[in-house]
Amino acid sequence: MANSSFDQSVANHKLSYDVFISFGDDNIIKNFVNHLFSDFKRKGIHAFKEDIHLLKGEDRSPQIYTAIEQSRFLLVIFSKSFTSSPSCLKELVKILECKNKNPEKHQIRIIFHNFKLNGIEPEVFEWKEALTMAAKLPGWDLEDLVNGYESKFIEMISNHIFNELNNGPLHVGENLIGLHSRVDRMNLLEFTESNDVHMIGICGSEGIGKTSIAKSIYNRLYLHFESSSFCEDVDKFVKQNGMILLQRQVIEDITKEEMKIRSVGEGSSVMKRVMGSKRVLLVLDGVDHLDPLECLACSQCWFGAGSLIVVTGKDQHLLVAHGVEKIYDVEVLDYDESMELFCLYAFKQKDPKEEFKWLCERVVRYVKGHPLALKVLGCFLFGKTVREWENELDRFRMYPIYDIQVLISRFSSNKK
């Protein structure tokens, strides 16, 4: 069971957006920002956009300030039109104010688009002070970093934001080849913007990457919810520790308070009560029996509006029978991803050594994209000679591909 503890100042403020961008109104900047928004959308980054999120007929400024308060990343794009705009300078003041009040909640990123702050002297002292403070923050400069190539600049910015968003409270692992692209294809934005309760499933064979994907989803989304809990390897946990302890830990994650539970029935009743009024993210990993689902997430009516329940397991029929609305089958790695992952463990580098190349191709063709098998075999073969590789790979013929778990177990035990 992984506890979802994080800074209380963050926990008390649900974030509505991943990114808020403050920018000027000249056409060059607008074009740059439109491309940036498009790249954010492709990567599943939820950015505030006036034309979508601003309510018509309402005052603009209060809505903008609320959006700033409810955004994790605050991007300020400095340009000539920005520093000459009172509304932009007011936004900058608000952005710095939010960062100073709650530094754990917000991250500021300064971007210079063919512009330097030198010599800018606004008439209003508050604006001048804000520019002085912003000038001391580290920033990205279009000319300095990518020689003015906007497409590379946009890619660099969006990749940075994406990686930071995925760097949450749970350690996902190392060498996560193909993980983020698979999470991208799940279109998680529809769940952060919805007021409905959703249950989604992640299915696949053992070692295919279900838990890693679930952790990545949790890291990516937890700040969009009032409360959250990640339960790792549920079936194993229940077998070793009992259902009551698991219920209690979920309740404590949600309420941030210690709770005494005397029976499974009482635990279910308490869970329904504490989660029914909250927007909750609950991840149940490694569920292949009905009991945990009935005791931890029996029905969508247990959860407050906008909640998301994510369940991982090998039994797709079980999830369908429980009412999980959308199930994602974890895809195996493609050839290039498989080769890169295998080489990272076999050679500690992304590409195969020349004399081992044909042997690497043999491994990749045999394993057919199974991540855990590639890691285990890479570790097992690390440091061995070509002749040793040939001898070991000849043993592969003993294990048909459908017995991949037997192969993993055999080579893992040999490595030890």
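Residues numbered from 1 in each chain as written. Predicted model: local features only at pLDDT ≥ 70, side-chain atom pairs only at ≥ 80, totals over all residues. Heavy atoms only, no water.

An unreviewed UniProt entry annotates the protein chain as TIR domain-containing protein of Lactuca virosa.

1. Observations regarding the packing of aromatic side chains
Tallying each qualifying case throughout the model produces 11 aromatic pairs. Ring centres of Phe342 and Trp389 lie 5.8 Å apart, and the angle between their planes is 75 degrees; on these two criteria the pair is classed as edge-to-face. Of this pair, Phe342 sits in helix H18 (residues 335–346) while Trp389 is found in helix H21 (residues 386–394), placing the two residues 47 residues apart along the sequence. The pair formed by Phe342 and Trp389 is uniform in burial state, with each residue classed as buried. What links up through ring pairs into an aromatic cluster is the set Phe342, Phe347, Phe356 and Trp389. It is Lys348 that lies over the ring of Phe382; its NZ or CZ is 5.0 Å from the centre. The side chain of Lys384 reaches across the aromatic face of Phe380, ending 5.0 Å from its centre. (Phe/Tyr/Trp six-rings, centres within 6.5 Å; stacked < 30°, edge-to-face > 60°. Helix = DSSP H or I, 4+ residues; strand = E, 2+ residues; numbered from the N terminus. Buried < 20%, exposed > 50% of the residue type's maximum accessible area, 1.4 Å probe, protein only. Lys NZ or Arg CZ within 6 Å of the ring centre and 35° of its normal.)

2. Let's talk about the environment of Pro292
Checked against the element boundaries, Pro292 lands in helix H16 (residues 290–296). With 58 residues separating them along the chain, Pro292 and Val234 place their C-alpha atoms 7.4 Å apart. Ignoring anything within four residues of it in the chain, the contact list for Pro292 reads Val234, Asp235, Met243, Val287 and Ala297. (Contact = heavy atoms within 4.5 Å.)

3. Topic: the confidence of the model for the protein chain
A low pLDDT means the predicted coordinates there should not be read in detail. Chain-level statistics for the protein chain give a pLDDT mean of 87 and a share of 90% at 70 or above. Confidence scores differ between elements of the protein chain, with helix H1 (residues 8–11) showing the lowest mean pLDDT of 38 and strand S8 (residues 308–313) the highest of 97. Every residue in residues 2–13 scores below 50 in pLDDT, and together they form 24 contacts with partners more than four places removed in sequence or on other chains. (pLDDT = per-residue confidence, 0-100.)

4. Description of the packing of helix H13 (residues 234–241) against helix H14 (residues 243–255)
Two quantities define a packed helix pair, namely the angle between the axes and the distance from one axis to the other. Relative to each other, H13 and H14 sit at 120 degrees, their axes nearing to 7 Å. On the basis of their axis angle, the class for H13 and H14 is oblique. Residues Val234, Phe237, Val238 and Asn241 of H13 pack against Met243, Leu245, Leu246 and Gln249 of H14. Split into classes, the residues belonging to the contact of H13 with H14 amount to 6 nonpolar, 2 polar and no charged. (Axes fitted to C-alpha atoms, helices over the stretch in contact; angles between N-to-C directions. Parallel < 35°, antiparallel > 145°, perpendicular 65-115°, else oblique. Nonpolar A, V, L, I, M, F, W, Y, C, P; charged D, E, K, R; others polar.)

5. Here we look at the side chain of His46
With respect to the helices and strands, the residue His46 is situated in the loop between helix H2 (27–42) and helix H3 (50–53). Relative accessible area serves as the criterion here: at 5%, His46 is assigned to the buried category.

6. Observations concerning the packing of helix H6 (residues 86–101) against helix H7 (residues 125–135)
Relative to each other, H6 and H7 sit at 60 degrees, their axes nearing to 9 Å. Judged on the interaxial angle alone, H7 and H6 are oblique. The crossing of H6 and H7 is left-handed. Between H6 and H7, the residues in contact are Pro86, Leu89, Lys90, Leu92, Val93, Leu96 and Asn100 and Glu126, Trp127, Ala130, Leu131, Met133 and Ala134, respectively. The class makeup of the residues in the contact of H6 with H7 is 10 nonpolar, 1 polar and 2 charged. (Left-handed = near helix turned anticlockwise from the far one by under 90°.)

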